[in-house]
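# Structural description and commentary
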Amino acid sequence: MSWFECKITYEKEINADGKMRKVKESYLVDAESFTEAEARMAEEMEGRGAFIMDSVKKVRLYELFLDHKSQRFYKAKVGFITLDEKAGEEKKKYVQMLVQADDLELALEGLHKGMEGTLSDYEIASIAETVYMDVYPYVVKTE
């Protein structure tokens, strides 16, 4: 599974008065390649009108904890604590995780809940809200 951050620009109706305004938005897409990420983003944007794909970049995420009820996404830097037996000291390996939650407190709760059952000790080095509008995991389509 590879994740790609897709940044797009398009015109969106902002108010009820019908005024259109250019907006820039970021999305996270699960895809096998840059080409597939662009194609999946185009598919997700279908029906919203013309858009410009500003950039596509690969994002390393160790784990995602999605609840599909919340509109916000938080990126957490989590350090797994291991013991280097030769040196006799603790080592930390940091990874990025994404948590979907309504606020920072619920994001921390969601992260701890998602980490339940983890055999390694861990610590949360940082957590911050992202600008992602939505996350599109890969879904197998049956016909």
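In case you missed it, the structure is sitting above this.
Residues numbered from 1 in each chain as written. Predicted model: local features only at pLDDT ≥ 70, side-chain atom pairs only at ≥ 80, totals over all residues. Heavy atoms only, no water.

### Quick look at the packing of aromatic side chains
The full count for this structure, using the stated rule, is three aromatic pairs. When the centroid spacing of 5.8 Å and the interplanar angle of 20° are considered together, the rings of Tyr27 and Tyr136 count as stacked. Of this pair, Tyr27 sits in strand 2 (residues 20-31) while Tyr136 sits in strand 8 (residues 132-136); the two residues are 109 residues apart in sequence, bridging distant segments of the chain. Take Tyr27 and Tyr136: they sit in the same class, and that class is buried. (Phe/Tyr/Trp six-rings, centres within 6.5 Å; stacked < 30°, edge-to-face > 60°. Helix = DSSP H or I, 4+ residues; strand = E, 2+ residues; numbered from the N terminus. Buried < 20%, exposed > 50% of the residue type's maximum accessible area, 1.4 Å probe, protein only.)

### A closer look at the sheet that holds strand 4 (residues 63-65)
Spatially, the four strands line up as an open sheet ordered 4-6-5-7, and their pairing is mixed. The sheet terminates laterally at strand 4 and strand 7 (121-129), the two strands that pair on one side only. Taken over all neighbouring pairs, the strand axes of this sheet differ in orientation by 30° on average, direction set aside. Two strands pair when backbone bridges link them, and strand 4 and strand 6 (residues 89-100) are joined in this way by three bridges, in the parallel orientation. The residue of strand 6 that forms the bridge with Leu64 is Leu98. Across the sheet, helix 2 (residues 104-114) lies against strand 4, strand 5 (73-84), strand 6 and strand 7, angled at about 150° from strand 7, the strand it touches most. (Pairing = 2+ DSSP bridges. Axes fitted to C-alpha atoms, helices over the stretch in contact; angles between N-to-C directions. Contact = heavy atoms within 4.5 Å.)

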